[in-house]
Amino acid sequence: MSQLLVTQILAVSIGDYWVQTVIKSLVVLVLVPTATAIIVQAFLFKMMAHMQSRLGPMEAGPHGALQLMADGGKFIQKELLAPARADKFVFSLAPLIVLLGTFLLYIVIPAGPNAVAEDLDIGIFFALGVSSISVIGVLMAGWASANKYALISGLRAAGQLIAYELPLILAVVGVVIQAETLSLTGIVRAQAQGEIFGLGLFGNPFILTQFVGFGIFLVATQAELTQPPFDMPVAESELVGGYQVEYSGLQFLFFYIGEFGTAFAFSALAATMFLGGWWFPGLDVDGGLLSNLIGPIVLFAKIMLVAFLIFWARFTYPRFREDQLQMFAWKYLIPISLANILVTGVLKVVF
Amino acid sequence: MAAVSERNQLSYIAGQAAESRVNVELETDGMTLNIGPQHPATHGTLRIVTRLDGEQVVSAEPIMGYMHRGYEKLLEVRTFPQVNTLIDRIDWLSSFANEVPFILAAEELMEVEAPPRAQWTRTILFELSRQANLSLFLGDMGVQLGAITPVFFAFRDREHILNLIEAASGGRFHPNYNRIGGLKDDLPAGWIDETRRAMAKMRQFCDEMSTLLMGNEIFEQRCRGVGVIPPDVALGYGLSGANLRASGVDWDLRRDAPSPLAWKDVDFKVWTHPDGDSFARYWVRMQEVRESTYIVEQLLDGLPAGPIMAKVPRIIKVPAGESYVSTENPLGEMGYYVVSKGDTGPFRVRVRTASFNNISIVPWVMKGVFVPDIITILASLYFILGDIDK
């Protein structure tokens, strides 16, 4: 009898586990292309066009809203080409690895008290860790393409991404010290329940205390995404697209999803850590249906705000040179973020 | 040498050998990077073969001729009025300015002088094509360095100038407006007021560019001290135009050469910059666009009345002789050496284009720079491919 009960419980819990996992995987799988589409349509197509005094795509759908369908269809139809001297296996694996890092990022981002795929205790640590996976994909693409431009680009990407990983992590350390947790839900809760100068109405979004960290995080994010002004690995006017130069069709699309999906994910991380995440005054931070329904909308609005800042810089600045970029990371960003950690630590002890 | 013992010598040789072994082990293979003929930085089909050591350029060699269209030969089988249509295509961004020196050379041979109104109108359109050309440079430099927005602003504001050229001549890119002895038509009604408005817009565009691009710290970092050309080297390689003036050589054919055009009647400043780097070249060109708007405004104020065309025979036969006329085109000195044997067409025409000489300094200036600097230097030297290959 009792044995049967145990088996039943086991079966149900295993079933639950697999059902949950499948649902979560599906949500993430749908979320990444959707997020990419929103980012590309809103910023790359429309905002960039209006900033440059032009209209952008206008023909497909109302105000060009269906342009992405047309573009996606075009990419899927195209033949997958590989250079004759390319390492075919590595060549076709590289875009998938870039994409893998992007998908893993979405797992830990909380959009509500329970609306999170996996609430890891080391959420932010995990996110920063998996974001580096894309470096391997980029290096593989650069090497396997058997193209000199791609090779230079891969080397640049490796140097750049390693250099900017450090300020990215150091900028987060300040937040972690203040929130006393590595969990992203914990960071949101700390911001919701915190108060600044005795005022707790809006909580304490860490941008108020960690504004230095926020700035560094955005700059380092820009470099992680290889966007202008840090787009040396892509550099279409000198390396003609760098590691992406030999890719076509769906594989090229994967690189694009990887880039803009990661842009969305990093904006979400910044919104979660510095702008209070999904929490909004009036929402219950510990649970409840309302929080789980409105939370994603609030988070989405904050993500769009951060993404606007990122893409604004992308469309405005010229790009650095490789050595200038390294100098910028090691001479300015890392010392400033270390000083930020020091000040945060001291203040944490004092108050 | 006698003081050096054999033992010392041997240890020295052994040391040398050890060091060279280390060097052999650490020696890296250079890489030949072929930039072009199809590459976004080459504005067409220029090919630059670079030897790289890491990201540093050991040597760079421009290889030209991928778009050679044989103009000099083609001109030998054209009549003088037909030449105009063809040479519009040499520097396609400022076609009107291409026509002027040839027409002046032909007029010099025929001993015809265009009436003052024609000369002044020519000068106005010359300066307008300078603005059309250089404004595109001001935006293009940004896009070469990775900022995508400036070039769209440049295209937007160049449209004002192209509209003016179209209103006067009927053609936006290839006006074919010059005739031996004057111009095809007089200016249309309302053109002068429209030009004044466009000049204000061009100045506004320059201000916009100087805040968006020139005031940008990244832009300065990428351009300052990159591709420095000292004045003596610049003169040695036959550079002309803004590339030469950016090296501090005060030389401008508009002011220095006698010309029937109306530059002698206006007051303008020739801008120079002492640095000779990419930033200086950008700065000089921006100042030139600004100055050019003032030149046009002065010319509009003093535009004389009168006929637009001198009396020339219906069938143009140019007397035998030779003449060379060069003008200060947007890219630099452009000159035509015309030899006539008394026929309806030229016997031989030699075209001196600015970009050919300007790009010849590439092997000198690109030694030791980094790969991204190749793009900066190419963009700041500013060539039009049709102007190199002819």
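Our subject is the structure listed above.
What comes next is a walk through the structure.

What counts and how
Residues numbered from 1 in each chain as written. Chains lettered and ligands numbered in written order. Predicted model: local features only at pLDDT ≥ 70, side-chain atom pairs only at ≥ 80, totals over all residues. Helix = DSSP H or I, 4+ residues; strand = E, 2+ residues; numbered from the N terminus. Buried ≥ 20, exposed ≤ 12 C-beta atoms within 10 Å, placed from the backbone. Axes fitted to C-alpha atoms, helices over the stretch in contact; angles between N-to-C directions. Parallel < 35°, antiparallel > 145°, perpendicular 65-115°, else oblique. Left-handed = near helix turned anticlockwise from the far one by under 90°. Contact = placed C-beta atoms within 7 Å. Nonpolar A, V, L, I, M, F, W, Y, C, P; charged D, E, K, R; others polar. Core = buried A, V, L, I, M, F, W, Y, C linked by C-beta atoms within 7 Å. Expected span 1.5 Å × (residues − 1). Bend = angle between axes of the 7 residues up to and from the residue. Pairing = 2+ DSSP bridges.

1. Points about the overall build of chain B
And then number 1: Of the regular secondary structure elements, chain B holds 16 helices and eight strands.
And then number 2: Once the C-alpha set of chain B is aligned to its principal axes, its extents read approximately 95 × 50 × 40 Å.
And then number 3: For chain B, the proportion of its 390 residues judged to be buried stands at 49%.

2. Focus: the overall build of chain A
And then number 1: When its secondary structure is counted, chain A shows 11 helices and zero strands.
And then number 2: Its helices and strands in sequence order give chain A the pattern α-α-α-α-α-α-α-α-α-α-α, from N to C terminus.
And then number 3: With the C-alpha coordinates of chain A rotated into their principal frame, the extents come out at 60 × 60 × 45 Å.
And then number 4: Counting all 351 residues of chain A, 45% fall into the buried class.

3. With respect to the packing of helix H3 (residues 88-105) of chain A against helix H5 (residues 133-144) of chain A
Residue and element names in this part refer to chain A.
And then number 1: Packing of H3 against H5 brings their axes to within 7 Å, and their N-to-C directions diverge by 160°. Accordingly, the angle class assigned to the pair H3 and H5 is roughly antiparallel. Between H3 and H5 lies a crossing of left-handed hand. Contacts from Val90, Phe91, Leu93, Ala94, Pro95, Ile97, Val98, Leu100 and Gly101 in H3 reach Ile133, Ser134, Ile136, Gly137, Val138, Met140, Ala141 and Ala144 in H5.
And then number 2: Of the residues contributing to the contact of H3 with H5, the split by class is 14 nonpolar, three polar and no charged.

4. Concerning the nonpolar core
And then number 1: Among the nonpolar cores identified, the biggest contains 201 residues, and A:Ile109, A:Ala220, A:Phe264, A:Ala307, B:Ala106 and B:Ile374 are the most heavily contacted of them.
And then number 2: A total of 15 residues in this core trace back to one element, the largest contributor, which is helix H9 (residues 249-274) of chain A.
And then number 3: Setting aside chain neighbours within four positions, we find A:Ile109 in contact with A:Val116, A:Leu184, A:Ala265, A:Ala268, A:Leu269 and A:Thr272.

5. A word on the environment of A:Gly174
And then number 1: Following the sequence through the fold, A:Gly174 ends up in helix H6 (residues 148-179).
And then number 2: Remark: the alpha-carbon pair of A:Gly174 and A:Val219, spanning 45 residues in sequence, is separated by 16 Å.

6. Here's the deal with helix H10 (residues 289-316) of chain A
Residue and element names in this part refer to chain A.
And then number 1: For H10, which comprises 28 residues, the first-to-last C-alpha distance of 41 Å matches the rise-based estimate of 40 Å (1.5 Å per residue) to within 8%.
And then number 2: Along its length, H10 shows its largest kink, about 30°, at Gly295, and proline Pro296 lies within four residues downstream of that point.
And then number 3: Residues Ser291, Gly295, Val298, Leu299, Lys302, Ile303, Val306, Ala307, Ile310, Phe311 and Arg314 constitute the buried set of H10.

7. Looking at the environment of B:Gln119
Residue and element names in this part refer to chain B.
And then number 1: Note on placement: Gln119 falls in helix H5 (residues 116-144).
And then number 2: For the pair Gln119 and Gly321, spaced 202 residues apart in sequence, the C-alpha separation works out to 23 Å.
And then number 3: In contact with Gln119, not counting residues within four places along its chain, are Ala114, Pro260, Leu261 and Ala262.

8. With respect to the interface of chain B and chain A
And then number 1: Between chain B and chain A, the contact holds 26 residues from the first and 23 residues from the second.
And then number 2: Every element with two or more residues in the side of chain B that touches chain A is listed here: strand S1 (31-35), H5, helix H6 (149-169), helix H8 (217-223) and helix H15 (371-381) of chain B.
And then number 3: Split by residue class, the side of chain B that touches chain A holds 16 nonpolar, seven polar and three charged.

9. Thoughts on the sheet that holds S1(B)
All names here are of chain B.
And then number 1: Reading across from one edge, S1-S2-S3 is the order of the three strands in this open sheet, with antiparallel pairing throughout. Looking at the sheet topology across the chains shown, the edges are occupied by S1 and strand S3 (56-63). Taking each pair of neighbouring strands and ignoring which way they run, the sheet shows an average axis angle of 20°.
And then number 2: Relative to strand S2 (residues 47-53), S1 is paired through five bridges, and the arrangement is antiparallel.

10. Some points on the environment of A:Arg54
And then number 1: As for its position among the elements, A:Arg54 is in the loop between helix H1 (2-51) and helix H2 (67-77).
And then number 2: For A:Arg54, a count of 12 C-beta atoms within 10 Å puts it in the exposed group.
And then number 3: If near-sequence neighbours (up to four positions away) are discounted, A:Arg54 is found in contact with A:Ala49 and B:Phe152.

11. Brief notes about the sheet that holds strand S8 (residues 348-352) of chain B
Residues and elements named next belong to chain B.
And then number 1: Read across the sheet, three strands follow the order S6-S7-S8 without closing on themselves; strand pairing throughout is antiparallel. Unpaired on one side and paired on the other, strand S6 (321-329) and S8 mark the two borders of the sheet. The average angle at which neighbouring strand axes cross in this sheet is 10°, direction not considered.
And then number 2: The sheet contact formed by strand S7 (residues 332-340) and S8 spans five bridges and is antiparallel. Directly across from Gly335, in S8, lies its bridge partner Arg352.
And then number 3: Across the sheet, helix H4 (residues 95-110) touches S6 and S7, and the angle it forms with S6 is around 150°.

12. Some thoughts on unusual backbone geometry
Residues and elements named next belong to chain A.
And then number 1: Positive phi values are uncommon outside glycine, yet Ser53 reaches one of about 50°.
And then number 2: In this model, Glu180 sits at a positive phi of 60°, which is unusual for a non-glycine residue.
And then number 3: Judged by the 10 C-beta atoms lying within 10 Å of it, Glu180 falls in the exposed class.

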